[in-house]
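# Structural description and commentary
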There are 2 protein chains.
Amino acid sequence: MVICLIGTGLIGCSMALTLKQASFASRVIGVDKNPMHLDKAISLGYVDEGASLEDGIKQSDAIVIATPVNIIASLLPNVLDLIEDQWVIDVGSTKSILIDKVSHHEKRGHYVASHPMAGTEFSGPEAAIPNLFQNKVVVLCNTMDNPKQILEQAVRLFEQLEMEILYQDAVEHDIHAAYVSHISHISSFALALTVLEKEKNEDEIFKLASGGFDSTVRLAKSSPAMWVPIFEQNRDNVLDVLDEHINTLARFRSLLIKKDFDAFYKAIEKANDIKRILQAK
Amino acid sequence: MVICLIGTGLIGCSMALTLKQASFASRVIGVDKNPMHLDKAISLGYVDEGASLEDGIKQSDAIVIATPVNIIASLLPNVLDLIEDQWVIDVGSTKSILIDKVSHHEKRGHYVASHPMAGTEFSGPEAAIPNLFQNKVVVLCNTMDNPKQILEQAVRLFEQLEMEILYQDAVEHDIHAAYVSHISHISSFALALTVLEKEKNEDEIFKLASGGFDSTVRLAKSSPAMWVPIFEQNRDNVLDVLDEHINTLARFRSLLIKKDFDAFYKAIEKANDIKRILQAK
């Protein structure tokens, strides 16, 4: 199968790598507005050749859109305009807005809205890694809109990546994504900023920062070009969760002010419950 | 050298393990009010025998206090009462209150206030790991109060652990610790609680939570018995940083409400600066 990969960054190239290794993709045609990414992806062997959007789609059996979500939103209608019987997946962290963009398109059924929940804080083709998707979850949304034979092909692709497939309504997906992914990034960006703004003596941060700090601010290395469009597209859900998170922190603040350390202890015991959930994974 | 280890948990046992391997400690006598921890520490070989506080101190050349900081605060004066020419270190994440507790004690100089900045989200002797301290920083505070020959011995101990030694004023230490360690834990506990309270459908969290979520809530597994006393002893600094953190999140909230995504982009670019600091490590 020939795959047209639009966006040759960390996610797209990691996907191409595994799909080629599994012989699911016989050839990967890269489409990227950034010639440096495209050249790098070709030189690293993830992509076989570059092409324009039109030519890439024309030559391929399936299209993978692996760009930031604002670019997915603007490209998706064009891509559906250009396909004949091919099918299309994306990798965006938001789903409702993307589906809405093409809900009345005659080729709507050819688009399987998907969110593989995998990634790192890095970006670009050099950051691609093997097995990035293995044993992770991919959420497929509103698949009642997809003809059976198209959905089956998309499912086969994610099976090659050894992902667990979950089906959700796009609106539900966006709420959950705000809770289990988007707020973690907001929190991490804020923590990094707070520390950077207060600790003017950077030497102290750099020397004292231990493993705990590293892990909570790791996500703060993530690219704004990827994340700001996610926060924009999922704004209402992110605002809702952010309000809750600020409320929880304000509750902690109030307990510290009142020196109510018994209540603080109980709150942390409750937070410890996250162990049970993370261990179950 | 015979070491009396008060508190046979993750930190104490990891330290005993390395000090024995390096032949710095010929024997480790464990003191713990929790007989299960002590038995486990002995059966795992980290500790050679158990003893009462009095007997343990009497038989040893040096004392390591590796308990939660509230226990350090209550034990430290007793320990200084019991020593003759031995020296004492602790591993607490706060320093000012502990030093204040014994500032007028005639054996004040025998106590080298230390904070090895290493640990994991786990606890107990089973959680001990080799090389936990290697290449990490230990902060020694107010060492102008320590006679040279005592300070040298404590330094030798931390050199055996292959730690980088940093000297700080205790008040300064507590401020920095609030920024680079304590707030990370507060943030992580709050994030876990927020998600647990909102996402009643635990199955969804457990399936959707990806690597990003894991790393930001990892610290939320940490023990309240260890952390609440830290927040209590470093309350004013923690409150100050927490206020700043809530302000940063409120600023993000305001940008989302105003849909000012350009300013959000710039804020995240600034947060990305943390890369430079973490990479320098």
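Coordinates for the structure precede this section.
Residues numbered from 1 in each chain as written. Chains lettered and ligands numbered in written order. Predicted model: local features only at pLDDT ≥ 70, side-chain atom pairs only at ≥ 80, totals over all residues. Heavy atoms only, no water.

## Topic: the overall build of chain A
- Check the secondary structure of chain A and you find 13 helices and eight strands.
- In terms of overall size, chain A behaves like a compact globule, its C-alpha atoms giving a radius of gyration of 21 Å where 281 residues would be expected to give roughly 19 Å.
- Within chain A, the proportion of its 281 residues that are buried is 60%.
- Of all intrachain contacts in chain A linking residues separated by at least 6 positions in sequence, the fraction that spans at least 24 positions is 72%.
- By element, 49% of the accessible surface of chain A is carried by carbon and sulfur atoms, the whole surface being about 11000 Å².
- In chain A, the 27 positive side-chain charges and the 38 negative ones have mean positions that sit 6 Å from each other. (Helix = DSSP H or I, 4+ residues; strand = E, 2+ residues; numbered from the N terminus. Rg over C-alpha atoms; globule rule 2.2 N^0.38 Å. Buried < 20%, exposed > 50% of the residue type's maximum accessible area, 1.4 Å probe, protein only. Contact = heavy atoms within 4.5 Å. Areas by Shrake-Rupley, 256 points an atom, 1.4 Å probe, with all protein chains shown as cover. Lys, Arg positive; Asp, Glu negative; His and termini not counted. Charge placed at Lys NZ, Arg CZ, Asp CG, Glu CD.)

## A look at the relation of the copies chain A and chain B
- Structural alignment of chain A on chain B gives an RMSD of 0.0 Å, achieved by rotating through 180° and translating 0.0 Å along the axis. Expressed as a symmetry operation, the mapping of one chain copy onto the other fits a two-fold axis. Minimal C-alpha separation from the rotation axis in chain A is found for threonine 216 of chain A, amounting to 2.3 Å. (Least-squares fit on C-alpha atoms with pLDDT ≥ 70 in both.)

## Digging into the side chain of histidine 115 of chain B
All names here are of chain B.
- With respect to the helices and strands, histidine 115 occurs in strand 6 (residues 111-116).
- Looking at histidine 115, the relative accessible area reads 5%, which means it is buried.
- What histidine 115 contacts, discounting residues up to four positions off in sequence, is Val91, Gly92, Ser93, Lys95, Val137, Val138, Val139 and His173.

## Structural notes on helix 6 (residues 148-160) of chain A
All names here are of chain A.
- Taking 1.5 Å of rise per residue, the 13 residues of helix 6 would be expected to cover 18 Å, and the 18 Å separating its terminal C-alpha atoms lies within 8% of that figure.
- Within helix 6, burial applies to Ile150, Leu151, Ala154, Val155, Leu157 and Phe158. Summarising the axial view, the buried residues of helix 6 lie within an arc of 155°, below the 170-degree limit, and thus occupy one face.
- Phi for glutamate 162, located one or two positions after helix 6, is positive at around 60°. (Expected span 1.5 Å × (residues − 1). Arc of directions from axis to C-beta.)

## A short note on the sheet that holds strand 2 (residues 27-31) of chain A
Residue and element names in this part refer to chain A.
- Sheet architecture is open: eight strands sit in the order 3-2-1-4-5-6-7-8, paired in mixed fashion. Every interior strand has two partners, whereas the edge strands, strand 3 (49-50) and strand 8 (164-168), have only one.
- In the sheet, strand 6 (residues 111-116) pairs with strand 7 (residues 137-141) via four bridges, with the strands oriented antiparallel. Across the sheet, residue serine 114 finds its bridge partner in strand 7, namely leucine 140.
- Docked against the sheet, helix 7 (residues 170-198) engages strand 6, strand 7 and strand 8, running at close to 115° with respect to strand 8. (Pairing = 2+ DSSP bridges. Axes fitted to C-alpha atoms, helices over the stretch in contact; angles between N-to-C directions.)

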